Amino acid sequence: MQHVPRLLPLALAASVAAGGLASAQSTITPLVEQGDAVPGVGLVTSIERSAVNNSGEWAVVVDTDNQSSALDLVVLRNGSLIMQEGVINSGFDSPVGGWFYDVRQLELNDAGELLAVLRGNRSDLTPVDLAVVAGRAIVETDVTPAPSDVPATYTHWSAIQMAWMNNSGQLLVSGSVNDGPGGTNSARLLARFELDGLGGFTSQTTLAYASQLLPGHDAYVQYPGNALTSCALNDAGKVLWLVDDEDTSLAGGANGCCDTWYHLDATPLIREGAPTGLGTDNWNSFHSSSVALGASGQWAGRFYTDEPSPANYALVKNGTTLMHRSGDVVPGVDGSPTITQFAGRVSMTSDDQVIWQCTWPGPGTAIFRDDEVLVQKNVTTTGGDLIVNIPSNLWERSVSNDGTFITQEMTVARAGGNKVGCYLISLSPVAATLCVGDGSDGICPCANLSAPGSGEGCASSLGHGALLTALGTSQVARDDLRFLVTQGRPNQPSMLVQGSSQVAPMPFKDGLLCLGNPTERVEIVILDGDGAGSTTGSIVTGGGVSPGETRYYQQWYRDPGGVSPCGFGSNFSNALQIDWI
C-alpha cells in the first residue's frame, strides 16, 4: 500500500488553532486513505471498522474498488493484507473451505490477538457466523455448544451479533442459541467465554438469555446486549451490559422507555423510567446509548433522560456524576458554543478517563479526553492538512486500553480534493512511569517481584503490585491532575507521597522507594473493596508545585504485617514523574 506505516506511527504533528484546547503532546498519522493501493485487490474506497492496542498496532477493515463485489472487502493489519472477503479460509481456520463476506466487528488486544466477528458461508454454501481470535474460530454457529447453564432445549449457538475481548483470556459474545442446525426454537443470549490459549475455550457462563427472569426484574428478558456500544468487558472480567425485558408496567409501556436496564455483572445499575440521581429527571430510552467500563470498575455512558430539551441528553460517569448535558457550553472551544448532542462511541481508558464526542451548531464537532479537546473539526491539522470532518458514527473509532492511541475515520482537505481515511491519534502520557517492581528497576526487598512489564510496584500479599496512574493534565493553571491507585490491598489506607528529586530505587518496607527530599505527604486515600482509590484534592496546592518543576509520586499503602510478603506491613506502588507546566 502507499505510505501506510507497518508497525508504529510516523511523527506527523497535529496542531490546533488559537482558542482550541488540545493535547500539546499528540500526533496524528494517516494509516489508510481513499485511493491507497491494496496490492492484488484494488484501491481503497471507504473505511468500515478499525482497532488499535496499547503498542500502537492497528487493524482496519476497508472496502476497495475490486471489480468483484464478492472480493472487495479486506482487513489490513499494520499496513499488510491479512484477510479478504470471498477468499477461502482467509484469516481463519474453520470451517474448512469457508469464506466471509462481512466483518461485523474488529478488536485488537495488547498481546496482538485480533478478534473478528465474521459472517460468511461454508463450503456447502450454508451460512455461518464466526467469532475468530488470532485466526482460531472460538465460536461457530451450529457447531459450538450452547452454555450448560441455559435450558436444555437450546443446544448450539445459532447466531453471533457482537463480541468483546479483554487482555485476560476472556470473550463476551452476544447472539442466539437454538435446538440444533436448522432448529426453530431460538433465544437471544449473552455469555462470557474463558479461552484456553490453544484454539478453544474452557467454559461459558451465561449472563442472560431470552425468557429468563433476572433477580430484581419483574418481567422476563427479551434480549440482552444487542449492540456494539451496549456492552463492555474489562480486564478484571467485569461486564457492563444492557438487557431489554418485557415489562410494560411503567409509563410508556411496550412502546415507551421503561423496559430496559444496565447491569454490572449481576447487579442492576440503572433502569429506564427510574430517577437518575442527577437532578429531578428520570432515565429515558437506552436504545441509542453508548457505555464504557474502566479497569477499576468505574463506568461511563451517554443516555437520554426526560429532562426538557435541550438538556435531555447526558454524559454520565458511574451513574451519579454528570460530566455534561446537551445545552451545556462545549469545554475548551472558542466562542462558547453549546452541545447539541453526544455522538460516536464512548470509551474509557484503563485509568478511567472518558473519550467522547459531541456536536454543536455551526456545525462543529470534536473528540475529547475528559474535558481536553483532542481533535476538532475545521481547527486541527495533520501534516499541514485541515481536518474537515469527524464522523459521529459508532464504528470507525477505537481506543487503546490505556488511551495512548485512537484510530478514527476523518476527512482532510487536500489541494486535489478532500480525502477520507483512517488516522492514528497518538497521545503521550501525562506521566512517565518509574520504579517498577518487576526487577528491571531494582530488586524488591524479599524477591517479591511483580509480573514483567506490568508497570506495578513490588508484589503485595495479593501476589501482584499496586499500580499508580495519573489522570488529567500537568498544567498548573488547570489544576485538574489526580492520581488513581489500583490493585492495592482492599479497604486499607494509603497515602500519595511527593518527592522533589528522584533517587536510585532502594528497598523500603515491602517495596521500592524512589523519591528524594524534600518529600510531601499529599493526600490520604482509603482504598475500596477492589483495592482502588483516587485523590480528590488539589495536587498543585497539596504539593506546592509551580510551572517548570518536576515532581515524583508514589502511593504508600498498608498491607498488614504477618500477611505481607516481607512482613513490614506496607508497600509502595510504582513511581510517576510529572513535569509541571
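Residues numbered from 1 in each chain as written. Predicted model: local features only at pLDDT ≥ 70, side-chain atom pairs only at ≥ 80, totals over all residues. Heavy atoms only, no water.

Engineer: What am I meant to see in the sheet that holds strand S39 (residues 533-534) here?
Structural biologist: Pairing between sheet strands relies on hydrogen bonds along the backbone, with the strands arranged either parallel or antiparallel. If you trace the three strands from one edge of the open sheet to the other, you get S35-S36-S39, paired in antiparallel fashion. In this open sheet, the two edge strands, each paired with only one partner strand, are strand S35 (467-471) and S39. Alignment of strand S36 (residues 482-486) against S39, held across two bridges, turns out to be antiparallel. Across the sheet, Leu-484 pairs through a bridge with Ser-534, a residue of S39. (Pairing = 2+ DSSP bridges. Helix = DSSP H or I, 4+ residues; strand = E, 2+ residues; numbered from the N terminus.)

Engineer: What's the story with the environment of Ser-230 in this structure? I'm lost.
Structural biologist: The topology assignment puts Ser-230 in the loop between strand S16 (221-224) and strand S17 (231-233). C-alpha of Ser-230 to C-alpha of Tyr-262: the two residues are 32 residues apart in sequence and 8.6 Å apart in space. Here Ser-230 is in contact with Gly-225, Leu-240, Trp-241, Leu-242, Tyr-262 and Val-291, once residues within four sequence places are set aside. A distance of 2.8 Å separates a polar atom in the side chain of Ser-230 from the backbone oxygen of Ala-227. (Contact = heavy atoms within 4.5 Å. Polar contact = N/O pair within 3.5 Å; in protein donor to acceptor, adjacent residues only side chain to side chain.)

Engineer: Sorry if this is basic, but what is going on with the confidence of the model for the protein here?
Structural biologist: Confidence in the prediction for the protein averages 89 pLDDT; 94% of positions are at 70 or higher. Considering only residues more than four positions removed or in separate chains, one finds that residues 1-24, a stretch of pLDDT under 50, has 79 contacts. Ignoring residues within four places in sequence, the model shows residues 251-255, a span with pLDDT below 50, making five contacts including any to other chains. (pLDDT = per-residue confidence, 0-100.)

Engineer: Whenever I open this one, unusual backbone geometry confuses me. Can you help?
Structural biologist: Negative phi is the rule for most residues except glycine; trans is the rule for most peptide bonds. Here the residue pair Gly-362 and Pro-363 is connected by a cis peptide bond, since its omega of -10° sits within 30 degrees of zero. Mapped onto the secondary structure, Pro-363 falls in the loop between strand S26 (354-360) and strand S27 (364-369). Cis geometry is adopted by the peptide bond preceding Pro-518, which originates at Asn-517 and carries an omega value of -10°. Within the element layout of this structure, Pro-518 appears in strand S38 (residues 511-526). In this structure, Asn-318 takes a positive phi of about 60° despite not being glycine. Within the secondary structure, Asn-318 sits in the loop between strand S23 (313-317) and strand S24 (321-325). For Asn-318, a relative accessible area of 28% puts it in the partly exposed group. For Asp-370, which is not a glycine, the phi torsion comes out positive at approximately 50°. (Buried < 20%, exposed > 50% of the residue type's maximum accessible area, 1.4 Å probe, protein only.)

Engineer: Explain the packing of aromatic side chains to me, please; I cannot follow it from the model alone.
Structural biologist: Note on aromatic pairs: each is described by the distance of the centres and the angle between the planes. This structure, assessed with the given rule, holds 16 aromatic pairs. Ring centres 6.2 Å apart and planes at 65° place the aromatic pair Trp-283 and Phe-286 in the edge-to-face group. Pair check on accessibility: Trp-283 and Phe-286 agree, each one buried. For the pair Trp-299 and Phe-303, a centre-to-centre distance of 6.4 Å together with 80° between the ring planes defines the contact as edge-to-face. A residue is classified by how much of its surface remains accessible, and Trp-299, at 5% relative accessible area, is buried. (Phe/Tyr/Trp six-rings, centres within 6.5 Å; stacked < 30°, edge-to-face > 60°.)

Engineer: Is there a simple way to explain the pattern of salt bridges in this structure?
Structural biologist: Side-chain pairing between opposite charges can occur once the charged atoms of the two side chains come close. Applying the stated criterion across every chain yields a total of 11 salt bridges. A salt bridge links Glu-372 to Arg-369, with the nearest nitrogen and oxygen atoms 2.9 Å apart. The pair Glu-372 / Arg-369 is uniform in exposure class, with both members buried. Two residues, Arg-414 and Asp-385, come together in a salt bridge whose shortest N-O distance is 2.6 Å. Residue Arg-414 is found in the loop between strand S32 (405-412) and strand S33 (419-427), and its partner Asp-385 is found in strand S30 (residues 385-389); the two are separated by 29 residues along the sequence. Residue classification places Arg-414 among the partly exposed residues on the basis of a relative accessible area of 30%. (Salt bridge = Lys/Arg side-chain N within 4 Å of Asp/Glu carboxyl O.)

Engineer: What should I look at first to understand the state of the cysteines in this one?
Structural biologist: Under the defined criterion, the tally for this structure stands at three disulfides. Through a disulfide, Cys-444 is tied to Cys-458; the S-S separation comes to 2.1 Å. Across the S-S bond linking Cys-444 and Cys-458, the dihedral sits near -90°, which makes this disulfide left-handed. With Cys-444 in the loop between strand S34 (432-434) and S35 and Cys-458 in the loop between S34 and S35, the pair connects residues that are 14 residues apart, well separated along the chain. Cys-458 shares its class with Cys-444; the two are buried. Cysteine pairing for the protein, with bonded cysteines counted in sequence order: 1-5, 2-4, 3-6. (Disulfide = S-S within 2.5 Å.)

Engineer: In this structure, what is going on with the pairing of strand S11 (residues 136-140)? I would like to understand it.
Structural biologist: The side chains of a regular strand alternate between the sheet's two faces. Burial of S11 is extensive: five of the five residues sit out of reach of the surface. The pairing of strand S10 (residues 127-133) with S11 spans four bridges and is classified as antiparallel. In the sheet register, Leu-130 faces S11, and the bridge partner there is Glu-140. Taking the residues that link successive antiparallel strands as the turn, the S10-S11 hairpin has two residues, and the phi of Ala-134 there is positive, at about 50°.

Engineer: Would you take a moment to explain the sheet that holds S26 for this structure?
Structural biologist: Sheet architecture is open: four strands sit in the order S25-S26-S27-S28, paired in antiparallel fashion. Edge positions in the sheet fall to strand S25 (341-348) and strand S28 (372-376), since each has one partner strand and no second. When strand polarity is set aside, the average angle formed by the axes of neighbouring strands in this sheet is 25°. Here S25 pairs with S26 via five bridges, running antiparallel. What sits directly across from Gln-341, in S26, is Thr-359. (Axes fitted to C-alpha atoms, helices over the stretch in contact; angles between N-to-C directions.)

Engineer: What is the right way to look at the nonpolar core in this model?
Structural biologist: If you look at the biggest cluster of nonpolar residues, it comprises 23 residues, and the most contacted ones within it are Val-139, Trp-157, Leu-171, Val-173 and Phe-193. Those elements giving two or more residues to this core turn out to be strand S9 (114-121), S10, S11, strand S12 (156-165), strand S13 (170-178) and strand S14 (186-195). With five residues, S14 is the largest single contributor of residues to this core. (Core = buried A, V, L, I, M, F, W, Y, C linked by side-chain atoms within 4.5 Å.)

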